[in-house]
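Chain by chain, the residues run as shown.
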Amino acid sequence: MNPALISTIVFAAEQLLKEAPAAYAALAAVFSKPSVSVEDLQKLRADLAAERYEDFVPQTQLPPSASIKG
Amino acid sequence: MKSWKTTSAGALAIIGAITTLWFHRGALSPELVMGAATAILSGLGLVLARDNDKSSEDVGAKSQTATLPKTGPLLALALCAGLLAVTPGCSTSPPMAVYRATSTAHITVDAAMRAWGDYVAQFHPPVSQEAAVRDAFNKYKLAQLAVLDAAIGYQQAQSDGAALSQAQRDLNAALAAAGAALGDLTSLITSFGVNLQPPGQ
């Protein structure tokens, strides 16, 4: 791999580790996984399906939205 | 061009991703397409960001668009994930590539949506803007669920050649739609004034 690319990746990873350790840990876990199973994909799907706009924007002025399960 | 450094870096990232797709146009794989999509989104983030020697006033931003504390990691995350996704030499299966790309997008969108939540709490934007972001978020979510459904279908079709071919086509279509939905959501949030600059810059 190009050394400049490696340094850029290291720099970005350092910035991420410094500013958002939780996001870094989550990303590291994803990229260190050797293989993926149907269960892994289903768990990710369930996590995503459970998220609602109101979870991120508690002070929203919009009426509650219906749950989207896909 | 007020922020020529980030804009140039973003343009190069986009050109690089498009060039990669062009050279592999005869044999596009889901991981290549998703990697290029991630690199293009990273490039868009750089194009939208401002240089670290430019203040909000320099670029004509209103005072209420000052840096929000939780938006800093977004650019680093997009950059890191984009670089990892387009790194050659990593032979990953399509479901693994989808798992990585979807997880990265999930983390990125979580951060962007939390930043939007902070912005709403602080600046109370019009209901129409909130409705637009919620619609874009729901569209992105449905698109990502379709990608995961297609990846699960691909994984389950491994032993059936004909089914695998159809599953590959479904996966490619779902990936293209998800990439577009993710780009729409992040662009919309940025267009309403949520800054992707790291704190203190």
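**Description of the overall build of chain A**
Part 1 of the argument: Along its length, chain A carries four helices and zero strands.
Part 2 of the argument: Counting helices and strands in the order they occur from the N terminus, chain A gives α-α-α-α.
Part 3 of the argument: Counting every atom, chain A has about 4,100 Å² of accessible surface; 62% of that belongs to carbon and sulfur.

**Describing the packing of aromatic side chains**
All names here are of chain B.
Part 1 of the argument: Taken as a whole and assessed by the stated rule, the structure comprises five aromatic pairs over all chains.
Part 2 of the argument: Considering the side-chain rings of Phe 137 and Tyr 140, the 6.4 Å spacing of their centres and the 40 degrees angle between planes classify their relative orientation as tilted. With a gap of three residues between them, Phe 137 and Tyr 140 both fall in helix H5 (residues 127–156), about one helical turn apart.
Part 3 of the argument: By way of ring pairs, the aromatic residues Trp 116, Tyr 119, Phe 123 and Phe 192 are connected into one cluster.

**Some points on the packing of helix H4 (residues 94–123) of chain B against helix H6 (residues 161–191) of chain B**
The angle between the axes and the distance between the axes are what describe a pair of packed helices.
Residues and elements named next belong to chain B.
Part 1 of the argument: Where H4 meets H6, the axes come as close as 11 Å, and the angle between the chain directions of the two elements is 20 degrees. Accordingly, the angle class assigned to the pair H4 and H6 is roughly parallel. When you trace H4 past H6, the crossing you get is left-handed. Residues Pro 94, Val 98, Ala 105, Val 109, Ala 112, Met 113 and Trp 116 of H4 form the contact with H6, whose participating residues are Leu 171, Leu 175, Leu 182, Leu 185 and Ile 189.

**Observations regarding the confidence of the model for chain A**
Part 1 of the argument: Confidence in the prediction of chain A, expressed as mean pLDDT, is 78, and 69% of residues score 70 or more.
Part 2 of the argument: When mean pLDDT is taken per element in chain A, helix H4 (residues 53–56) of chain A scores highest with 94 and helix H1 (residues 3–19) of chain A scores lowest with 64.

**Brief notes about the nonpolar core**
Part 1 of the argument: Among the nonpolar cores identified, the biggest contains 46 residues, and Met113(B), Trp116(B), Tyr140(B) and Leu185(B) are the most heavily contacted of them.
Part 2 of the argument: Put simply, the parts of the chain that give this core at least two residues each are helix H3 (38–50) and H4 of chain A together with H4, H5 and H6 of chain B.
Part 3 of the argument: The greatest single-element share of this core, amounting to 12 residues, is contributed by H5(B).

**Quick notes on the confidence of the model for chain B**
Fine structural detail should not be taken from predicted coordinates in areas where pLDDT scores are low.
Residues and elements named next belong to chain B.
Part 1 of the argument: With 51% of its residues at a pLDDT of 70 or more, chain B has an overall mean of 72.
Part 2 of the argument: The spread of mean pLDDT over the elements of chain B runs between helix H3 (residues 72–86), the lowest at 54, and H5, the highest at 94.
Part 3 of the argument: Below pLDDT 50 for its whole length, residues 59–72 participates in 31 contacts with residues either more than four positions away or in separate chains.
Part 4 of the argument: The low-confidence segment residues 86–90, where pLDDT is below 50, has five contacts with residues more than four positions distant or belonging to other chains.
Part 5 of the argument: Both confidence scores are given for the complex: pTM 0.66, ipTM 0.76.

**Quick word on the pattern of salt bridges**
Between side chains of opposite charge, pairing is possible as soon as their charged atoms come close.
Part 1 of the argument: In the structure shown here, the tally under the stated rule is seven salt bridges over all chains.
Part 2 of the argument: Between Asp149(B) and Arg45(A) there is a salt bridge whose closest N-O contact spans 2.6 Å. In this pair, Asp149(B) sits in helix H5 while Arg45(A) sits in helix H3, so the two residues belong to two different chains.
Part 3 of the argument: You can call Arg45(A) buried: its relative accessible area is 16%.
Part 4 of the argument: Across the pair Arg52(A) and Asp55(A) runs a salt bridge, and its minimum N-O distance is 3.4 Å.

**Quick word on the environment of Asp55(A)**
Part 1 of the argument: Relative to the helices and strands, Asp55(A) is located in helix H4.
Part 2 of the argument: In this structure Asp55(A) comes out as partly exposed when scored by relative accessible area, which is 40%.
Part 3 of the argument: In contact with Asp55(A), other than residues within four places in its own chain, are Ala50(A) and Arg114(B).
Part 4 of the argument: At a separation of 2.9 Å, a polar atom in the side chain of Asp55(A) contacts the main-chain amide nitrogen of Arg52(A).

**Quick notes on the packing of H3(A) against H5(B)**
Part 1 of the argument: It is the contact of H3(A) with H5(B), at a shortest axis distance of 10 Å, that shows an interaxial angle of 165 degrees. Here H5(B) runs roughly antiparallel to H3(A), going by the angle between their axes. The handedness of the crossing between H3(A) and H5(B) is left-handed. Of H5(B), the residues touching H3(A) (which contributes Val38(A), Leu41(A), Gln42(A), Leu44(A), Arg45(A), Leu48(A) and Ala49(A)) are Tyr140(B), Lys141(B), Gln144(B), Leu145(B), Leu148(B), Asp149(B), Ala151(B), Ile152(B), Gln155(B) and Gln156(B).

So, how was this worked out
Residues numbered from 1 in each chain as written. Chains lettered and ligands numbered in written order. Predicted model: local features only at pLDDT ≥ 70, side-chain atom pairs only at ≥ 80, totals over all residues. Heavy atoms only, no water. Helix = DSSP H or I, 4+ residues; strand = E, 2+ residues; numbered from the N terminus. Areas by Shrake-Rupley, 256 points an atom, 1.4 Å probe, with all protein chains shown as cover. Phe/Tyr/Trp six-rings, centres within 6.5 Å; stacked < 30°, edge-to-face > 60°. Axes fitted to C-alpha atoms, helices over the stretch in contact; angles between N-to-C directions. Parallel < 35°, antiparallel > 145°, perpendicular 65-115°, else oblique. Left-handed = near helix turned anticlockwise from the far one by under 90°. Contact = heavy atoms within 4.5 Å. pLDDT = per-residue confidence, 0-100. Core = buried A, V, L, I, M, F, W, Y, C linked by side-chain atoms within 4.5 Å. Buried < 20%, exposed > 50% of the residue type's maximum accessible area, 1.4 Å probe, protein only. Salt bridge = Lys/Arg side-chain N within 4 Å of Asp/Glu carboxyl O. Polar contact = N/O pair within 3.5 Å; in protein donor to acceptor, adjacent residues only side chain to side chain.

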